[in-house]
Amino acid sequence: QGTHTVTSATWVQRELRQRKQSALHHRLCFLAGKGPERGVARPEVLQTLLGTTERVVQEIDSVEYGLTDIQEYYANTGALVAAAKNARRGKKVGCSIIEAYSKSVEPKELEEVLRLEYRSKLLNPKWAQAMVAQGSGGAYEVSTRMTALLGWGGTVGYKDSFAWDQAADTYVLDPDMAAQLRASNPQAFRNVVGRCLEAAGRGIWQPKQDLLDKLKKMYGEMDDELEGVK
């Protein structure tokens, strides 16, 4: 049964990556320029370029919105890395992040930046308390970053068990924090719990069974609450 679970999670993750790659091809396969083929879809050209891509470079020009704050980064940069890796038949594709707003524009590895951002925001107790204190809007911000954590795992295989463990401890298992999130924005809180379950289902996170059971029970309760079932 354990082997089947891992296999299923791997299959689901592969399927989701393929869907993102397909969407990426549809968005980026049109030719630019001034020639007669401008705007013409040439997916074979894009595929050839992806097959020669050894590294993707992403510039960040705002200190306010980083890789973990909005979906555009994992949905585009992450999907591009995954598509290039697929075109190169599984060969490693690097990803460099350049923080243009910083005095030092030395490229950093993607995982290094992700790890730093999650520790400074989502997993930072001061940041967490500040978001919860903002009520519904703050809960939404927490929910958005949990979705991004899952998005990076689904596109580039970012698996930081510490991040998932601490996020679950902070926003779901802490009674006071969970109660505040649940009261201010129940939809956002359900999404936080749901992303934890989805990460476990995809094989991105491996929580203990008792924790998994608790998350499932909590998600079911949130569903009933939002649907008005007593």
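Residues numbered from 1 in each chain as written. Predicted model: local features only at pLDDT ≥ 70, side-chain atom pairs only at ≥ 80, totals over all residues. Heavy atoms only, no water.

(A) How the structure looks around the confidence of the model for the protein. With 88% of its residues at a pLDDT of at least 70, the protein reaches an overall mean of 86. Note that pLDDT drops below 50 for residues 1-13; the model gives that stretch 11 contacts with residues more than four away or on any other chain. (pLDDT = per-residue confidence, 0-100. Contact = heavy atoms within 4.5 Å.)

(B) Summary view of helix α3 (residues 71-87). A rise of 1.5 Å per residue sets the reference length of α3, with its 17 residues, at 24 Å; its end C-alpha atoms lie 23 Å apart and thus fit the reference within 8%. If you check which residues of α3 are buried, you get Tyr73, Tyr74, Thr77, Gly78, Ala79, Val81, Ala82, Ala83, Ala84 and Ala87. (Helix = DSSP H or I, 4+ residues; strand = E, 2+ residues; numbered from the N terminus. Expected span 1.5 Å × (residues − 1). Buried < 20%, exposed > 50% of the residue type's maximum accessible area, 1.4 Å probe, protein only.)

(C) Molecular detail of unusual backbone geometry. Phi is positive for Arg89, close to 55°, though the residue is something other than glycine. Mapping Arg89 onto the fold places it in the loop between α3 and β2 (94-99).

(D) A look at the nonpolar core. Ranked by internal contacts, the top residues of the largest apolar core, which has 57 residues, are Leu67, Tyr118, Leu122, Trp152, Trp164, Tyr171 and Trp205. Top contributing element to this core by residue count: helix α9 (residues 186-202), with 8 residues. Apart from the residues lying within four places of it in its own chain, the contact partners of Trp152 are Leu67, Tyr73, Tyr74, Thr77, Gly78, Leu110, Leu114, Tyr118, Gly157 and Tyr158. (Core = buried A, V, L, I, M, F, W, Y, C linked by side-chain atoms within 4.5 Å.)

(E) Up close: the pattern of salt bridges. What the rule picks out here adds up to 13 salt bridges. Notably, a salt bridge pairs Arg115 with Glu111, separated by 3.3 Å at the nearest N-O pair. A residue pair is termed a helical-turn pair when its members lie 3 or 4 positions apart in one helix, as Arg115 and Glu111 do in helix α4 (residues 110-120) at 4 residues. Linking Glu141 and Arg145 is a salt bridge whose minimum nitrogen-to-oxygen distance equals 2.6 Å. Pair noted here: Glu141 and Arg145 are both in helix α6 (residues 136-156), with a separation of 4 residues, about one helical turn. For Glu141, a relative accessible area of 27% corresponds to the partly exposed category. Within the structure, one salt-bridge network assembled from shared partners comprises Asp69, Lys121, Glu141 and Arg145. (Salt bridge = Lys/Arg side-chain N within 4 Å of Asp/Glu carboxyl O.)

(F) Local environment of the sheet that holds strand β1 (residues 55-60). What the 3 strands build is an open sheet, ordered β1-β2-β3; its pairing is mixed. Two strands in the sheet have a free side with no partner beyond their single neighbour: β1 and β3 (108-109). Taken strand by strand, α3 contacts β1 and β2, and its axis lies near 160° from that of β1. (Pairing = 2+ DSSP bridges. Axes fitted to C-alpha atoms, helices over the stretch in contact; angles between N-to-C directions.)

(G) Just the pairing of β1, in detail. Of the two faces of β1, the one holding Val56, Gln58 and Ile60 is buried and the one holding Arg55, Val57 and Glu59 is not buried anywhere. By the bridge criterion, 6 bridges tie β1 to β2 in an arrangement that is parallel. Each residue of the ladder has a partner; that of Gln58, found in β2, is Ile97. In this view, the connection linking β1 to its parallel neighbour β2 by way of α3 has right-handed handedness. (Right-handed = clockwise from strand over helix to strand, strands pointing away.)

(H) Up close: helix α7 (residues 161-173). Turning to α7, its buried residues are Ala163, Trp164, Gln166, Ala167, Ala168, Thr170, Tyr171 and Val172. On its buried side, α7 packs onto α5 (125-133), α6, α8 (175-184), α9 and α10 (209-226).

(I) Spatial organisation of the environment of Leu197. Relative to the assigned elements, Leu197 resides in helix α9. For Leu197, a relative accessible area of 18% puts it in the buried group. C-alpha separation for the pair Leu197 and Tyr219, spaced 22 residues apart in sequence, amounts to 8.8 Å. What Leu197 contacts, discounting residues up to four positions off in sequence, is Leu212, Leu215, Lys216 and Tyr219.

(J) Representation of the packing of α7 against α9 within the structure. Interaxial distance between α7 and α9 falls to 11 Å at its minimum, and their mutual angle equals 155°. Between α7 and α9, the angle is such that the two are roughly antiparallel. As α7 packs across α9, the resulting crossing turns out to be left-handed. Note on element contacts: α9 touches α7 through Phe189, Val192, Val193, Arg195, Cys196 and Ala199, opposite Trp164, Ala168, Tyr171 and Val172. Looking at side-chain class alone, the contact of α7 with α9 contains 9 nonpolar, no polar and 1 charged residues. (Parallel < 35°, antiparallel > 145°, perpendicular 65-115°, else oblique. Left-handed = near helix turned anticlockwise from the far one by under 90°. Nonpolar A, V, L, I, M, F, W, Y, C, P; charged D, E, K, R; others polar.)

(K) Focus on the environment of Gln58. By the secondary structure assignment, Gln58 is in strand β1. Spatially, the C-alpha atom of Gln58 lies 8.7 Å from that of Glu99, the residues being 41 residues apart in sequence. Once residues within four sequence positions are removed from consideration, Gln58 is found in contact with Tyr73, Thr77, Ser96, Ile97 and Ile98. Separated by 2.5 Å, the side chains of Gln58 and Thr77 make a polar contact. (Polar contact = N/O pair within 3.5 Å; in protein donor to acceptor, adjacent residues only side chain to side chain.)

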